[in-house]
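Examining the three-dimensional arrangement
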Amino acid sequence: MQPVIGNEDVHGNTYGNIHGNSHGNIRRAFTATTLIAQDNNPKGEPEIIESIEMQTGIDPVYSIIWLHGLGADGHDFEPIVPELGLPQETPVRFIFPHAPFRPITANNGMNMRAWYDIVDLPIDADGVARGDRNGMERGDREGMEQSAQMVYRLIEQENQRGIATERIFLAGFSQGGAIALFAGLRLQSQLAGIIALSAYLPDETTLAAEKSIHNQSTPIFMGHGAQDPLIPLLIAMRGHLLLRELGYEVEWHTYQMPHSMHPNEIKDIANYLRFKIL
């Protein structure tokens, strides 16, 4: 099997190739190393979660935790902050964490930044259509749970900084979008919203039993490329329809693009966020 290379190698910077990297008046990004004590760590050593942070103003009142895709890192979506044009009177803190390095089965065991191991790419659309479990389950559950715990700790950090969970959005691209859905729909406190871009609904067979009542009404934005060769549109649509069947409010968009971002998608995300934070 030929190696399946990550998002940065396929598209360069996933977002940066579409728009320039000017940050305008946005406060410059800085690297934050979050030290979080783990209750189940017998040595008492803190976990280190490295991330990039940007703010649209002083004293943010909302936070957006944005997860990159396979093989990228937290820098991948820095350029999106000024492009969203969020209102200055409602400052927002963006947090772009770096996924840990781990061997990826679909990439011949190569170590790369990833939120969980993935067995194969592209995902088998025919297998999913047949209801083949192997076609639906393409990520390791343990890795997903570990990444979800990282997300929850970042949420706790924001709570400690004065941002309530109901003012925190989870967003992500590809693998990052899958984790935003996995973690957000199981979180035992309400989020402001969930944004899943070029992603799929992971471990969908367990969601009905594991979903949190607290995020049953959380608005979800899903955007996907009609020509996506890695996560076919059918896979994303399947997750979208299942979420609707389970009673979730989903704003669904498709774009004429491959596994990347589209300028119209940026506009739609901006509208979604403006409506939620004004």
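For the structure, check the block above.
Structure report, in brief.

Criteria and thresholds
- Residues numbered from 1 in each chain as written.
- Predicted model: local features only at pLDDT ≥ 70, side-chain atom pairs only at ≥ 80, totals over all residues.
- Heavy atoms only, no water.
- Core = buried A, V, L, I, M, F, W, Y, C linked by side-chain atoms within 4.5 Å.
- Buried < 20%, exposed > 50% of the residue type's maximum accessible area, 1.4 Å probe, protein only.
- Helix = DSSP H or I, 4+ residues; strand = E, 2+ residues; numbered from the N terminus.
- Contact = heavy atoms within 4.5 Å.
- Polar contact = N/O pair within 3.5 Å; in protein donor to acceptor, adjacent residues only side chain to side chain.
- Phe/Tyr/Trp six-rings, centres within 6.5 Å; stacked < 30°, edge-to-face > 60°.
- Salt bridge = Lys/Arg side-chain N within 4 Å of Asp/Glu carboxyl O.
- Pairing = 2+ DSSP bridges.
- Right-handed = clockwise from strand over helix to strand, strands pointing away.

Considering the nonpolar core
Core analysis: the largest hydrophobic core is formed by 46 residues, its most contacted members being Ile155, Leu181, Leu185, Ile220 and Leu243. Looking at this core, the elements with two or more residues in it are strand E3 (62-67), helix H5 (141-160), strand E7 (168-173), helix H6 (175-184), strand E8 (193-197), strand E9 (220-225) and helix H8 (233-245). Take this core: its biggest share by element is 7 residues, from H5. Setting aside anything within four residues of it in sequence, one finds isoleucine 220 in contact with Leu181, Leu185, Ile194, Leu243, Tyr248, Glu249, Val250, Glu251 and Tyr272. Grouped together as the second largest cluster of nonpolar side chains are 29 residues, Ile52, Phe96, Met261 and Ala270 included.

What about the side chain of histidine 98?
Relative to the assigned elements, histidine 98 resides in the loop between strand E4 (92-97) and strand E5 (101-104). A polar atom in the side chain of histidine 98 sits 2.8 Å from the backbone nitrogen of glycine 74. Ignoring any residue separated from it by four or fewer positions in sequence, one finds histidine 98 in contact with Glu50, Ser51, Ile52, His68, Asp73, Gly74, His75, Arg113, Trp115 and Met150.

Remarks on the packing of aromatic side chains
One pass over the full model with this rule turns up 7 aromatic pairs. Geometrically, the ring pair formed by tyrosine 62 and phenylalanine 169 is tilted, given 6.2 Å between the ring centres and 35° between the ring planes. Of this pair, tyrosine 62 sits in strand E3 while phenylalanine 169 sits in strand E7, placing them 107 residues apart in sequence. Within the aromatic cluster, the residues linked to one another by ring pairs are Trp66, Phe77, Phe94, Phe96 and Phe173.

Topic: the pattern of salt bridges
Enumeration over the complete set of coordinates arrives at 8 salt bridges. Among the ionic pairs, arginine 93 bridges to glutamate 158, the shortest N-O distance being 2.6 Å. Taken together, the residues arginine 93 in strand E4 and glutamate 158 in helix H5 connect sequence positions 65 residues apart. By relative accessible area, which is 7% here, arginine 93 ends up buried. Exposure remark for glutamate 158: the relative accessible area of 0% places this residue in the buried category. Across the salt bridge formed by aspartate 203 and arginine 141, the nearest N and O atoms sit 2.4 Å from each other. Here arginine 141 lies in helix H5 and aspartate 203 lies in the loop between E8 and helix H7 (207-210), a separation of 62 residues in the sequence. A relative accessible area of 7% places aspartate 203 in the buried class. Three or more residues joined by partner-sharing salt bridges are found here, namely Arg141, Glu145, Arg186, Asp203 and Glu210.

Some remarks on the pairing of E7
Burial runs high along E7: 6 of the 6 residues are buried. The two faces of E7 match: Ile168, Leu170 and Gly172 on one face and Phe169, Ala171 and Phe173 on the other face are all buried. Alignment of E3 against E7, held across 5 bridges, turns out to be parallel. The residue of E7 that forms the bridge with serine 63 is isoleucine 168. Taken together, the 5 bridges between E7 and E8 define a ladder with parallel strand orientation. Each residue of the ladder has a partner; that of phenylalanine 173, found in E8, is leucine 197. Crossover handedness for the path E7 to H6 to E8: right-handed.

Brief notes about unusual backbone geometry
The backbone of aspartate 59 shows a phi angle near 55°, a positive value even though the residue is not glycine. Its place among the elements puts aspartate 59 in the loop between strand E2 (47-55) and E3. Owing to a relative accessible area of 61%, aspartate 59 belongs among the exposed residues under this scheme. Even without glycine at this site, asparagine 108 takes up a positive phi of about 55°. Inspection of the secondary structure assignment puts asparagine 108 in the loop between E5 and strand E6 (110-113). Accessibility expressed as a relative area gives 47% for asparagine 108, which makes it partly exposed.

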